[in-house]
Amino acid sequence: MGPHPAVAAIRLAVRRVLHDVLTDVQRSTENDPPHPPHEQAPPPLVLVACSGGADSMALASALAFEAPKLGIRAGGVTVDHGLQPGSELRAAEVVVRLTALGLTPVESCTVRVGRDGGPEAAARDARYAALDAAAERHSAAAVLLGHTRDDQAETVLLGLARGSGIRSLSGMAETSGVAGRYRRPFLQIDRQTARKACMVQSLPVWDDPHNADPAYTRSRLRHEGLPALEKALGKGVVEALARTAQLSRDDADALDLWAAQAETTVRDATGLLECAKLYALPPAVRRRIVRRAAIEAGAPAGALFARHIEEVDRLITGWRGQGAINLPGKVVAQRQGGRLVIRQG
(Lines give C-alpha, C1' and ligand atoms only; values in the text may rest on other atoms or scores of the structure.)
Protein backbone atom coordinates (compact mmCIF):
# COMPACT_ATOMS: atom_id res chain seq x y z
CA MET A 1 0.00 0.00 0.00
CA GLY A 2 1.41 3.37 -1.03
CA PRO A 3 1.57 6.58 0.98
CA HIS A 4 -1.46 8.74 1.71
CA PRO A 5 -2.44 10.83 -1.38
CA ALA A 6 -1.42 14.06 0.36
CA VAL A 7 2.02 12.64 1.19
CA ALA A 8 2.40 11.29 -2.34
CA ALA A 9 1.53 14.71 -3.79
CA ILE A 10 4.11 16.62 -1.78
CA ARG A 11 6.80 14.05 -2.42
CA LEU A 12 6.18 14.13 -6.16
CA ALA A 13 6.39 17.94 -6.19
CA VAL A 14 9.69 17.86 -4.30
CA ARG A 15 11.09 15.06 -6.47
CA ARG A 16 10.48 17.11 -9.61
CA VAL A 17 12.25 20.13 -8.17
CA LEU A 18 15.21 18.05 -7.00
CA HIS A 19 15.58 16.64 -10.51
CA ASP A 20 15.67 20.23 -11.80
CA VAL A 21 18.31 21.14 -9.22
CA LEU A 22 20.48 18.19 -10.26
CA THR A 23 20.16 19.16 -13.92
CA ASP A 24 21.18 22.75 -13.13
CA VAL A 25 24.16 21.59 -11.05
CA GLN A 26 25.35 19.33 -13.87
CA ARG A 27 25.08 22.14 -16.41
CA SER A 28 26.96 24.57 -14.18
CA THR A 29 29.85 22.15 -13.60
CA GLU A 30 30.16 20.49 -17.01
CA ASN A 31 33.03 22.81 -17.98
CA ASP A 32 34.85 22.49 -14.64
CA PRO A 33 38.19 20.64 -14.64
CA PRO A 34 37.80 16.98 -13.62
CA HIS A 35 38.50 16.03 -10.02
CA PRO A 36 41.55 13.84 -9.30
CA PRO A 37 40.64 10.12 -9.04
CA HIS A 38 41.11 10.15 -5.27
CA GLU A 39 38.84 13.17 -4.84
CA GLN A 40 35.12 12.95 -5.35
CA ALA A 41 32.98 16.07 -5.67
CA PRO A 42 30.61 16.25 -2.69
CA PRO A 43 26.92 15.63 -3.44
CA PRO A 44 24.92 18.85 -3.85
CA LEU A 45 23.22 20.22 -0.76
CA VAL A 46 19.62 21.42 -0.75
CA LEU A 47 18.29 23.35 2.25
CA VAL A 48 14.69 23.74 3.32
CA ALA A 49 13.56 26.98 4.96
CA CYS A 50 11.31 25.86 7.80
CA SER A 51 9.26 27.95 10.22
CA GLY A 52 7.73 24.90 11.89
CA GLY A 53 4.36 25.54 10.25
CA ALA A 54 2.44 22.89 8.33
CA ASP A 55 3.60 24.01 4.87
CA SER A 56 7.32 24.03 5.63
CA MET A 57 7.21 20.91 7.83
CA ALA A 58 5.50 19.00 5.02
CA LEU A 59 8.21 20.28 2.68
CA ALA A 60 10.98 19.25 5.08
CA SER A 61 9.58 15.74 5.43
CA ALA A 62 9.32 15.32 1.66
CA LEU A 63 12.86 16.60 1.16
CA ALA A 64 14.19 14.20 3.82
CA PHE A 65 12.46 11.31 2.02
CA GLU A 66 13.35 12.16 -1.58
CA ALA A 67 16.85 13.66 -1.40
CA PRO A 68 18.79 10.52 -0.38
CA LYS A 69 17.26 8.55 -3.26
CA LEU A 70 18.76 11.07 -5.70
CA GLY A 71 22.14 11.33 -4.03
CA ILE A 72 21.43 14.81 -2.65
CA ARG A 73 22.31 16.02 0.81
CA ALA A 74 19.39 17.65 2.64
CA GLY A 75 19.63 20.28 5.37
CA GLY A 76 17.41 22.87 7.00
CA VAL A 77 17.36 26.45 8.21
CA THR A 78 14.88 28.16 10.51
CA VAL A 79 14.84 31.91 11.01
CA ASP A 80 14.07 33.47 14.38
CA HIS A 81 12.66 36.94 13.72
CA GLY A 82 12.54 37.76 17.43
CA LEU A 83 9.06 39.28 17.06
CA GLN A 84 7.26 37.12 19.62
CA PRO A 85 8.01 36.04 23.19
CA GLY A 86 9.71 32.66 23.27
CA SER A 87 10.66 32.78 19.59
CA GLU A 88 14.14 31.45 20.31
CA LEU A 89 12.64 28.38 22.03
CA ARG A 90 10.38 27.69 19.07
CA ALA A 91 13.35 28.00 16.71
CA ALA A 92 15.24 25.48 18.84
CA GLU A 93 12.25 23.11 18.63
CA VAL A 94 12.25 23.37 14.84
CA VAL A 95 15.95 22.49 14.78
CA VAL A 96 15.18 19.37 16.85
CA ARG A 97 12.32 18.37 14.52
CA LEU A 98 14.39 18.84 11.36
CA THR A 99 17.26 16.88 12.85
CA ALA A 100 14.85 14.09 13.78
CA LEU A 101 13.82 13.90 10.12
CA GLY A 102 17.45 13.17 9.26
CA LEU A 103 18.37 16.57 7.82
CA THR A 104 21.92 17.82 8.22
CA PRO A 105 23.20 20.46 8.56
CA VAL A 106 20.41 22.16 10.47
CA GLU A 107 20.69 25.60 12.00
CA SER A 108 18.71 28.47 13.48
CA CYS A 109 19.45 32.03 12.36
CA THR A 110 18.45 35.00 14.49
CA VAL A 111 17.72 38.22 12.63
CA ARG A 112 16.92 41.81 13.49
CA VAL A 113 13.79 43.05 11.73
CA GLY A 114 13.88 46.69 10.65
CA ARG A 115 11.00 49.00 9.79
CA ASP A 116 11.44 49.79 6.10
CA GLY A 117 8.32 49.04 4.06
CA GLY A 118 6.21 47.97 7.05
CA PRO A 119 6.47 44.95 9.38
CA GLU A 120 5.69 42.26 6.81
CA ALA A 121 8.14 43.54 4.20
CA ALA A 122 10.85 44.17 6.81
CA ALA A 123 10.51 40.64 8.21
CA ARG A 124 10.64 39.19 4.69
CA ASP A 125 13.80 41.17 3.85
CA ALA A 126 15.51 40.04 7.04
CA ARG A 127 14.48 36.42 6.44
CA TYR A 128 15.79 36.29 2.88
CA ALA A 129 19.06 37.93 3.92
CA ALA A 130 19.51 35.18 6.52
CA LEU A 131 18.65 32.44 4.02
CA ASP A 132 21.05 33.90 1.47
CA ALA A 133 23.81 33.92 4.07
CA ALA A 134 23.08 30.32 5.09
CA ALA A 135 23.09 29.16 1.46
CA GLU A 136 26.45 30.85 0.88
CA ARG A 137 27.88 29.50 4.12
CA HIS A 138 26.99 25.90 3.26
CA SER A 139 27.45 26.22 -0.54
CA ALA A 140 23.88 25.04 -1.01
CA ALA A 141 22.67 24.35 -4.54
CA ALA A 142 19.14 25.47 -3.66
CA VAL A 143 16.82 26.54 -0.86
CA LEU A 144 13.27 25.16 -0.88
CA LEU A 145 10.40 27.40 0.25
CA GLY A 146 6.99 26.15 1.34
CA HIS A 147 4.74 28.68 -0.42
CA THR A 148 1.50 27.03 -1.52
CA ARG A 149 -1.14 27.73 -4.14
CA ASP A 150 -3.08 29.63 -1.46
CA ASP A 151 -0.08 31.88 -0.81
CA GLN A 152 0.15 32.49 -4.56
CA ALA A 153 -3.51 33.51 -4.74
CA GLU A 154 -3.02 35.95 -1.86
CA THR A 155 0.05 37.43 -3.54
CA VAL A 156 -1.89 38.00 -6.77
CA LEU A 157 -4.68 39.80 -4.92
CA LEU A 158 -2.19 41.98 -3.06
CA GLY A 159 -0.58 42.91 -6.38
CA LEU A 160 -3.99 43.69 -7.84
CA ALA A 161 -4.78 45.96 -4.91
CA ARG A 162 -1.54 47.89 -5.43
CA GLY A 163 -2.37 48.42 -9.09
CA SER A 164 1.27 47.95 -10.02
CA GLY A 165 0.95 46.04 -13.27
CA ILE A 166 1.20 42.57 -14.74
CA ARG A 167 4.46 41.71 -12.99
CA SER A 168 2.72 42.01 -9.61
CA LEU A 169 -0.11 39.82 -10.86
CA SER A 170 2.42 37.14 -11.78
CA GLY A 171 2.93 36.38 -8.10
CA MET A 172 5.82 34.25 -6.93
CA ALA A 173 8.07 32.43 -9.38
CA GLU A 174 8.75 28.72 -9.04
CA THR A 175 12.45 29.62 -9.29
CA SER A 176 13.95 32.92 -8.13
CA GLY A 177 16.98 34.47 -6.48
CA VAL A 178 20.63 34.51 -7.47
CA ALA A 179 21.34 31.67 -9.92
CA GLY A 180 17.88 30.21 -9.23
CA ARG A 181 18.64 29.65 -5.57
CA TYR A 182 15.04 29.62 -4.32
CA ARG A 183 12.65 26.89 -5.41
CA ARG A 184 8.93 26.68 -4.57
CA PRO A 185 7.71 23.11 -5.13
CA PHE A 186 4.22 23.67 -3.64
CA LEU A 187 2.84 26.46 -5.84
CA GLN A 188 0.42 23.94 -7.39
CA ILE A 189 -0.47 22.35 -4.04
CA ASP A 190 -3.07 23.82 -1.70
CA ARG A 191 -2.46 24.58 1.95
CA GLN A 192 -4.88 21.89 3.12
CA THR A 193 -2.90 19.15 1.35
CA ALA A 194 0.28 20.18 3.15
CA ARG A 195 -1.53 20.20 6.50
CA LYS A 196 -3.06 16.80 5.79
CA ALA A 197 0.38 15.40 4.94
CA CYS A 198 1.68 16.54 8.32
CA MET A 199 -1.30 15.03 10.13
CA VAL A 200 -1.04 11.57 8.57
CA GLN A 201 2.71 11.51 9.24
CA SER A 202 2.20 12.69 12.84
CA LEU A 203 4.44 15.67 12.25
CA PRO A 204 4.05 18.34 14.94
CA VAL A 205 3.38 21.81 13.51
CA TRP A 206 3.32 25.33 14.92
CA ASP A 207 0.61 27.78 13.94
CA ASP A 208 2.09 31.27 13.89
CA PRO A 209 -0.36 33.63 15.64
CA HIS A 210 0.70 36.39 13.23
CA ASN A 211 -1.05 34.43 10.48
CA ALA A 212 -4.37 35.06 12.24
CA ASP A 213 -3.62 38.61 13.41
CA PRO A 214 -5.89 41.12 11.59
CA ALA A 215 -3.19 43.77 12.02
CA TYR A 216 -1.41 42.17 9.07
CA THR A 217 -2.74 42.74 5.54
CA ARG A 218 -2.10 39.19 4.35
CA SER A 219 -3.86 37.78 7.41
CA ARG A 220 -6.97 39.87 6.72
CA LEU A 221 -6.93 38.76 3.12
CA ARG A 222 -6.57 35.11 4.12
CA HIS A 223 -9.33 35.04 6.72
CA GLU A 224 -11.72 37.67 5.38
CA GLY A 225 -10.98 38.64 1.77
CA LEU A 226 -10.61 35.25 0.08
CA PRO A 227 -13.54 33.63 1.94
CA ALA A 228 -15.72 36.59 0.90
CA LEU A 229 -14.65 36.16 -2.73
CA GLU A 230 -15.40 32.44 -2.65
CA LYS A 231 -18.79 33.15 -1.09
CA ALA A 232 -19.62 35.67 -3.82
CA LEU A 233 -18.06 33.89 -6.80
CA GLY A 234 -18.09 30.24 -5.80
CA LYS A 235 -15.32 27.73 -5.21
CA GLY A 236 -12.28 27.76 -7.43
CA VAL A 237 -11.14 31.34 -6.80
CA VAL A 238 -7.77 30.24 -5.40
CA GLU A 239 -7.10 27.96 -8.37
CA ALA A 240 -8.12 30.69 -10.83
CA LEU A 241 -5.86 33.26 -9.17
CA ALA A 242 -2.91 30.85 -9.22
CA ARG A 243 -3.56 30.20 -12.91
CA THR A 244 -3.70 33.96 -13.50
CA ALA A 245 -0.29 34.23 -11.84
CA GLN A 246 1.27 31.76 -14.28
CA LEU A 247 -0.32 33.34 -17.35
CA SER A 248 0.72 36.81 -16.19
CA ARG A 249 4.26 35.64 -15.56
CA ASP A 250 4.54 34.22 -19.07
CA ASP A 251 3.30 37.51 -20.54
CA ALA A 252 5.54 39.62 -18.30
CA ASP A 253 8.61 37.54 -19.18
CA ALA A 254 7.89 37.98 -22.89
CA LEU A 255 7.46 41.75 -22.51
CA ASP A 256 10.66 42.02 -20.47
CA LEU A 257 12.56 40.21 -23.22
CA TRP A 258 11.04 42.49 -25.86
CA ALA A 259 11.98 45.57 -23.83
CA ALA A 260 15.57 44.36 -23.34
CA GLN A 261 15.96 43.84 -27.08
CA ALA A 262 14.28 47.15 -27.97
CA GLU A 263 16.37 49.18 -25.54
CA THR A 264 19.47 48.90 -27.72
CA THR A 265 17.57 50.49 -30.62
CA VAL A 266 16.29 53.58 -28.77
CA ARG A 267 19.60 54.95 -27.48
CA ASP A 268 21.78 57.42 -29.33
CA ALA A 269 25.55 57.17 -29.78
CA THR A 270 26.13 58.58 -26.28
CA GLY A 271 23.72 56.10 -24.65
CA LEU A 272 20.85 58.54 -24.03
CA LEU A 273 17.27 57.48 -24.66
CA GLU A 274 15.69 59.09 -27.71
CA CYS A 275 12.11 60.18 -27.03
CA ALA A 276 10.90 59.84 -30.64
CA LYS A 277 12.02 56.23 -30.81
CA LEU A 278 10.56 55.48 -27.39
CA TYR A 279 7.25 57.02 -28.48
CA ALA A 280 7.03 54.53 -31.36
CA LEU A 281 7.13 51.54 -29.01
CA PRO A 282 4.05 49.94 -27.39
CA PRO A 283 3.42 51.49 -23.93
CA ALA A 284 4.12 48.22 -22.07
CA VAL A 285 7.53 47.93 -23.72
CA ARG A 286 8.40 51.63 -23.43
CA ARG A 287 7.55 51.80 -19.73
CA ARG A 288 9.69 48.78 -18.99
CA ILE A 289 12.66 50.52 -20.59
CA VAL A 290 11.95 53.66 -18.55
CA ARG A 291 11.63 51.67 -15.34
CA ARG A 292 14.90 49.85 -15.92
CA ALA A 293 16.67 53.12 -16.68
CA ALA A 294 15.35 54.60 -13.42
CA ILE A 295 16.56 51.61 -11.41
CA GLU A 296 19.99 51.74 -13.08
CA ALA A 297 20.17 55.42 -12.10
CA GLY A 298 19.65 54.52 -8.44
CA ALA A 299 15.88 54.42 -7.85
CA PRO A 300 15.03 51.55 -5.44
CA ALA A 301 12.91 49.00 -7.31
CA GLY A 302 10.62 48.45 -4.32
CA ALA A 303 9.82 52.16 -4.06
CA LEU A 304 9.28 52.74 -7.77
CA PHE A 305 5.55 52.55 -8.44
CA ALA A 306 3.40 52.70 -11.56
CA ARG A 307 2.51 56.35 -10.93
CA HIS A 308 6.21 57.28 -11.06
CA ILE A 309 6.69 55.57 -14.41
CA GLU A 310 3.49 57.13 -15.78
CA GLU A 311 4.75 60.61 -14.91
CA VAL A 312 8.06 59.98 -16.67
CA ASP A 313 6.20 58.47 -19.62
CA ARG A 314 4.37 61.78 -20.10
CA LEU A 315 7.72 63.39 -20.85
CA ILE A 316 7.72 61.16 -23.92
CA THR A 317 4.06 61.03 -24.94
CA GLY A 318 2.66 64.32 -23.63
CA TRP A 319 5.56 66.75 -23.89
CA ARG A 320 4.48 70.33 -23.16
CA GLY A 321 7.70 71.72 -21.74
CA GLN A 322 7.07 70.35 -18.24
CA GLY A 323 9.86 70.26 -15.70
CA ALA A 324 11.83 67.40 -14.18
CA ILE A 325 10.17 64.47 -12.42
CA ASN A 326 11.53 63.51 -8.99
CA LEU A 327 11.77 59.76 -8.42
CA PRO A 328 12.66 57.70 -5.32
CA GLY A 329 16.34 57.46 -4.47
CA LYS A 330 16.95 61.12 -5.39
CA VAL A 331 16.72 60.24 -9.07
CA VAL A 332 15.52 62.89 -11.52
CA ALA A 333 14.03 62.36 -14.98
CA GLN A 334 13.80 65.19 -17.51
CA ARG A 335 13.56 65.76 -21.23
CA GLN A 336 16.46 67.58 -22.85
CA GLY A 337 16.86 68.13 -26.58
CA GLY A 338 14.61 65.22 -27.51
CA ARG A 339 16.42 62.91 -25.11
CA LEU A 340 15.10 61.38 -21.88
CA VAL A 341 17.74 61.90 -19.20
CA ILE A 342 17.41 59.90 -15.98
CA ARG A 343 20.13 60.40 -13.39
CA GLN A 344 20.91 61.21 -9.78
CA GLY A 345 19.67 64.71 -8.92
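Residues numbered from 1 in each chain as written. Predicted model: local features only at pLDDT ≥ 70, side-chain atom pairs only at ≥ 80, totals over all residues. Heavy atoms only, no water.

## What to know about the overall build of the chain
Cut-off, in case you're wondering: In this text, helices come from DSSP runs of H or I with a minimum length of four residues, and strands from runs of E with a minimum of two, each type numbered from the N-terminal end. Burial classification: accessible surface area is computed with a 1.4 Å probe over protein chains only, and a residue below 20% of its type maximum counts as buried, one above 50% as exposed, and the rest as partly exposed. Only heavy atoms enter the contact rule, under which two residues are in contact if any of them lie within 4.5 Å. The Shrake-Rupley method, run with a 1.4 Å probe sphere, supplies the accessible areas, and residue values consider only the shown protein chains as cover.
For the chain, the helix and strand inventory stands at twelve helices and ten strands. Out of the 345 residues in the chain, the part that is buried amounts to 43%. Look at the contacts in the chain between residues 6 or more apart in sequence, and 68% of them connect residues 24 or more apart. Looking at the chain as shown, the accessible area adds up to about 18200 Å², and 55% of this sits on carbon and sulfur atoms.

## Thoughts on the nonpolar core
So the rule is basically this: We call a set of buried Ala, Val, Leu, Ile, Met, Phe, Trp, Tyr and Cys residues a nonpolar core when their side-chain atoms join them within 4.5 Å.
With 34 residues, the main nonpolar core has V46, L63 and F186 as its most contacted residues. Of all elements in the fold, only α1 (5–29), β1 (45–49), α2 (54–66), α3 (87–100), β4 (142–144) and α7 (191–200) reach the threshold of two or more residues within this core. Among the elements that make up this core, the one with the highest residue count is α1 (nine residues). Leave out the neighbours within four places in its chain, and V46 touches L18, V21, L63, I72, R73, A74, G75, A142 and L144. Counting 25 residues, the second largest nonpolar core, distinct from the first, contains L273, V290, L304 and V331.

## Observations regarding the sheet that holds strand β8 (residues 325–327)
For clarity, the threshold we go by: Strand pairing is assigned whenever DSSP identifies at least 2 bridges connecting the two strands. For helices, the fitted axis covers only the stretch in contact; all axes are lines through C-alpha atoms, and the angles between them, taken along N-to-C directions, range from 0 to 180 degrees.
As summarised here, the arrangement of the four strands in space is β7-β10-β9-β8, forming an open sheet in which the pairing is antiparallel. A strand with exactly one partner marks an edge of an open sheet, and here the two such strands are β7 (273–274) and β8. Bridge analysis of β8 against strand β9 (residues 331–336) gives three bridges, and the strand direction is antiparallel. Each residue of the ladder has a partner; that of N326, found in β9, is V332. Along the sheet, helix α11 (residues 283–296) makes contact with β7, β8, β9 and β10 (339–344), crossing β10 at roughly 30 degrees.

## Some remarks on the side chain of D313
Operational definition: Counting of polar contacts relies on pairs of N or O atoms within 3.5 Å, with two restrictions inside protein: one atom must be capable of donating a hydrogen and the other of accepting it, and residues adjacent in sequence are counted only when both atoms are side-chain atoms.
When you line up the elements, D313 lands in helix α12 (residues 306–317). On the basis of relative accessible area, D313 is assigned to the buried category, the value being 3%. A polar atom in the side chain of D313 sits 3.1 Å from the side chain of R287. If we ignore the near neighbours within four places in the chain, the residues touching D313 are R286 and R287.

## Some remarks on unusual backbone geometry
In this structure, P105 follows T104 across a cis peptide bond, with omega equal to 0 degrees. By secondary structure assignment, the location of P105 is in the loop between α3 and β3 (106–110). The residue S139 is not glycine, and still its phi comes out positive at about 55 degrees. Here S139 shows up in the loop between α4 (119–138) and β4. With relative accessibility at 60%, the residue S139 sits in the exposed group. Unlike most non-glycine residues, K330 shows phi in positive territory, near 60 degrees.

## Observations regarding the environment of R195
Relative to the helices and strands, R195 is located in helix α7. As for R195 and D55, which are separated by 140 residues in sequence, their C-alpha atoms are 6.6 Å apart. Once residues lying within four places of it in the same chain are set aside, the contact partners of R195 are A54, V205 and D207. Polar side-chain contacts of R195 include one of 2.8 Å to the side chain of D207.

## Considerations on the packing of helix α5 (residues 149–162) against helix α8 (residues 217–233)
The line we're drawing: With respect to orientation, any angle under 35 degrees is reported as roughly parallel, any angle over 145 as roughly antiparallel, any angle of 65 to 115 as roughly perpendicular, and every other angle as oblique.
Between α5 and α8, the least distance of the axes is 10 Å, while the angle of their chain directions is 95 degrees. Viewed along their axes, α5 and α8 adopt a mutual orientation that is roughly perpendicular. Contact residues: α5 offers D151, E154, T155, L157 and L158, while α8 offers T217, R218, L221, R222, L226 and L229.

## Re the environment of T155
Along the chain, T155 falls in helix α5. Of the residues examined, T155 reaches a relative accessible area of 13% and is grouped as buried. Sequence separation between T155 and M199 is 44 residues; the distance between their C-alpha atoms is 26 Å. Setting aside anything within four residues of it in sequence, one finds T155 in contact with S168, G171, M172 and R218. Reaching out from T155, the side chain makes a polar contact with the side chain of R218 at a distance of 3.1 Å.

## A few points about the pattern of salt bridges
This is how the line gets drawn: In the sections that follow, a salt bridge refers to a side-chain nitrogen of Lys or Arg positioned within 4 Å of a carboxyl oxygen of Asp or Glu.
Tallied over the entire structure, the rule returns 27 salt bridges. The partner of E66 in a salt bridge is K69, and the shortest N-O contact between them spans 3.5 Å. Judged by relative accessible area, K69 falls into the exposed class, the value being 53%. A salt bridge links R292 to E263; its shortest N-O distance comes to 2.8 Å. One end of the pair, R292, is in helix α11; the other, E263, is in helix α9 (residues 237–263), and 29 residues separate them in sequence. A residue is classified by how much of its surface remains accessible, and E263, at 7% relative accessible area, is buried.

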